[in-house]
Structures are given as C-alpha cells and as structure tokens.
Amino acid sequence: MNTLYLPLHFLLCSALCFQWTAALDSKELKTAVNIIWSSVNFKTILEWEPTPVNHTYSVDVSGEYSDWKTKCFYTKETECDVSNLLEDVNDTYTARIISNVKDSEHIEEFPYADSVPFTPYKQTKLGKPVIEQFELDKESGKLHVFVKDAVTPFAFPNNTFKTVRDIFQSDFMYTLFYRKASSTGRKQATSGTNEIVINVDKGESYCFYVRATIPSRKVDRDSPNSAEICTPSNGSNEFNLSILVAVITAVVLIVVIIIMSVIICKCRKAKAEKSKETVPLNKV
C-alpha cells in the first residue's frame, strides 16, 4: 500500500468530519416551549416540548436565595424530576431548559428557555387524602375518623420523610363531609389534626369522605376528595368486623386441628390394641 495514501485518507476523513460537525452545530437547535411545573405534595416535575431530534436537554434550576444547579444532564426526555432542588419550599425558583449537544466544542453558548417562577409552598397542589381507619364508639355515639398525612420527597436528618403537615404545620386542616346513608343531607366537621370526631345516631349507617385544605391560599386551596366510606348498617366498624372474622376463622381452625388430633390418636390406639389381640400365645 502506498505510504502516501494513509496521510491523505486521514486528512480527507478529518475534513469531512469537521464539515459534518460544523453543519450539525450550525443548525438552529430548537428551544423548549410550553414549560410547565407539575407539583403534587411537593413532588415536582418539569415538563416541556418538543421531543429532541438532533440534540438533548439539560435542566438548570435557581432560586432567589440559591445558585444554579443542574439536573437531568443531556436527556432525550421532555420531563425532569427537580423535587430535590426545591427543598426550601418558601423560595421562588426559575428553571432553565437548555438545548445542547454532548461533547460539542463548536457552540460557545447553547440556546435555552426559562420557565415562569414557581414557589412550592404557594403552588404545589394537595393530593387526594386517604382515610386510614375509623372507629365507632357505640357507647358515646361518636365516630372517629383518622386521616393519613401524605409524605413529601423531603426527609428529616434521621431519613424519615416529612409529611405535608410537617411543612404546612398549622396552615393545614381536614374537613370531613358526612351524611346518613339513608339521606342526601350532608354535614361537615373540620379538624387541625389527623383525627376528626363527630356525633352519630345509634344504629344508623353513615357515609363520609375527607378533603385537605390550606387556609392561607386564595387558589389551589383544596385537595381532591378522598374515596367515600360507609359504615355497616348495624353500626359496627368495618375494620373491627374484619378482625372479628379473622378471629372466628382462627378459632375454627384450631378446633378442627384439635378434633383431627384426637381422632388420629384414637385410631392409632385402636390399631395398637388390635395388633396385640392377634399376636399368638407363646408355647409353654
């Protein structure tokens, strides 16, 4: 092979590669549009358009009291979970979606688009609350409803997750909406804790659901309604009924085991006695 061929071939390839890279970098990279903050219980996702074709995205986030931090480096996705960059929930943040090309040395500054400001404390939405359990005290005629506080992505130093109540503290409450199962008339009761207590009529079945509220807000104050739960018509507690069924089942199972054990023992004893009767006497 001609020794001059290798240098010429290398130079030709280098020239072609440079032209291709320059052409690629000279194209106008599409910047992000329709940038949306989607946040529920402080879990915050940035969403945008369009899907990248010849480039990637990176996301920078900065607060009024914090420096720029980058998340989702060189991603082909059009969403990014930025929850861990927003732990100061009272700060106001701006996100920057950068359209970039990895390992490119021909563009000094990549194009970008900025989001609208976002303040987690004021703008995160409340998720649907969950009724953890309820207890009906037939003696006092009171129904106790316990609501489970939703967890957030933020943790305490001991690595347990903070709840929405930990963050909003006194600026957070539950409202219980309830009615007799036989009626459409609905009443409500509000509580600043996880427990809501109402007076009920003995022997009546009640249906109820809860809603969380942030009183200080003017918009996005309320959560969606929880699933509706109804007490049994006999006035007993659904959860206690389940426990009662489990206990009865366990007792029946124990009784069956005892009976079977007695039967097996009697069978073995009868078999042993029969075997003794069939053994011939020893010759004198």
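Within any chain, residue numbers begin from 1 and follow the written order of that chain's sequence. In keeping with the predicted nature of the model, local features appear solely for residues at pLDDT of at least 70, side-chain atom pairs appear and are counted solely at 80 or more, and the whole-chain, interface and lining totals rest on all residues. To get the side-chain values, all heavy atoms of the structure are used, and hydrogens and water are removed first.

An unreviewed UniProt entry lists the chain under the name Tissue factor, with Pelobates cultripes given as the organism. UniProt lists a comment for the chain under the heading Subcellular location (unreviewed entry), and it reads "Membrane". Word for word, the UniProt comment on the chain under Function (unreviewed entry) is "Initiates blood coagulation by forming a complex with circulating factor VII or VIIa. The [TF:VIIa] complex activates factors IX or X by specific limited proteolysis. TF plays a role in normal hemostasis by initiating the cell-surface assembly and propagation of the coagulation protease cascade." UniProt positions are given in the numbering used here, feature names are shortened, and annotations may be inferred rather than shown by experiment.

J.: An account of the nonpolar core is requested, with residue identities and associated values reported.
T.: Membership of the largest hydrophobic core comes to 28 residues, with the highest contact counts inside it found for Leu-143, Phe-168, Leu-176 and Phe-208. Secondary structure elements are taken from DSSP: a helix is a run of H or I of four residues or more, a strand is a run of E of two residues or more, and numbering for both begins at the N terminus. When contributions to this core are tallied by element, the ones reaching two or more residues are β8 (130–137), β9 (142–148), α3 (164–168), β12 (173–180), β14 (195–199) and β15 (206–213). Considering every element that reaches this core, the biggest residue donor is β15, with 4 residues. In contact with Leu-176, other than residues within four places in its own chain, are Val-145, Lys-187, Gln-188, Ala-189, Ile-196, Ile-198, Phe-208, Tyr-209 and Val-210. Here, nonpolar core means buried Ala, Val, Leu, Ile, Met, Phe, Trp, Tyr and Cys residues that are tied together by side-chain atoms lying within 4.5 Å of each other. Summary of the burial criterion: residues with accessible area below 20% of their type's maximum are buried, those above 50% are exposed, and those between are partly exposed, where the area comes from a 1.4 Å probe applied to protein chains only. Counting residues in hydrophobic clusters, the runner-up holds 17 residues, among them Trp-37, Cys-80, Ala-95 and Ile-97. The contact rule is simple, with two residues in contact once any of their heavy atoms fall within 4.5 Å.

J.: Go over the sheet that holds strand β6 (residues 93–100), please, and point to the residues and values.
T.: To summarise the sheet geometry, strands pair through backbone hydrogen bonds and adopt either a parallel or an antiparallel arrangement. Spatially, the 4 strands line up as an open sheet ordered β4-β3-β6-β7, and their pairing is antiparallel. Each edge of the sheet is formed by a strand with only one pairing partner; in this case those strands are β4 (69–75) and β7 (112–114). Each strand axis lies, on average, 15 degrees off the axis of its neighbour in the sheet, ignoring direction. Bridge count between strand β3 (residues 56–63) and β6: 8 bridges; the pairing is antiparallel. What sits directly across from Ser-62, in β6, is Thr-94. Two strands make a pair as long as DSSP finds a minimum of two bridges between them. Angles run from 0 to 180 degrees between N-to-C directions of axes, and those axes are lines fitted to C-alpha atoms, restricted for helices to the stretch in contact.

J.: Can you lay out the state of the cysteines for me, pointing to particular residues and giving the numbers?
T.: We call a pair of cysteine sulfur atoms a disulfide when they lie within 2.5 Å. Across all of its chains, the model carries 2 disulfides by this definition. In this model, Cys-72 is linked to Cys-80 through a disulfide, with the two sulfur atoms separated by 2.1 Å. In this structure, the disulfide formed by Cys-72 and Cys-80 twists by about 90 degrees around the S-S bond and is classed as right-handed. With a relative accessible area of 2%, Cys-80 lands in the buried category. In this model, Cys-207 is linked to Cys-230 through a disulfide, with the two sulfur atoms separated by 2.0 Å. For the disulfide bridge between Cys-207 and Cys-230, the dihedral angle about the S-S bond is near 105 degrees, and by the sign convention the bridge is right-handed. Of this pair, Cys-207 sits in strand β15 while Cys-230 sits in strand β16 (residues 229–230); the two residues are 23 residues apart in sequence, bridging distant segments of the chain. Classification of Cys-207 as buried rests on a relative accessible area of 4%. For the chain, the bonded cysteines pair up as 1-2, 3-4 when numbered in the order they occur along the sequence.

J.: Now, about the side chain of Asp-149: what can you tell me, with residues and values included?
T.: Among the secondary structure elements, Asp-149 is positioned in the loop between β9 and β10 (151–155). Separated by 2.9 Å, the side chains of Asp-149 and Arg-165 make a polar contact. Asp-149 has contacts with Thr-163, Arg-165, Phe-172, Tyr-174 and Asn-194, leaving out every residue within four places of it along the chain. What qualifies as a polar contact is a pair of N or O atoms within 3.5 Å, subject to a donor-acceptor requirement within protein and to the restriction that residues adjacent in sequence count only when both atoms come from side chains.

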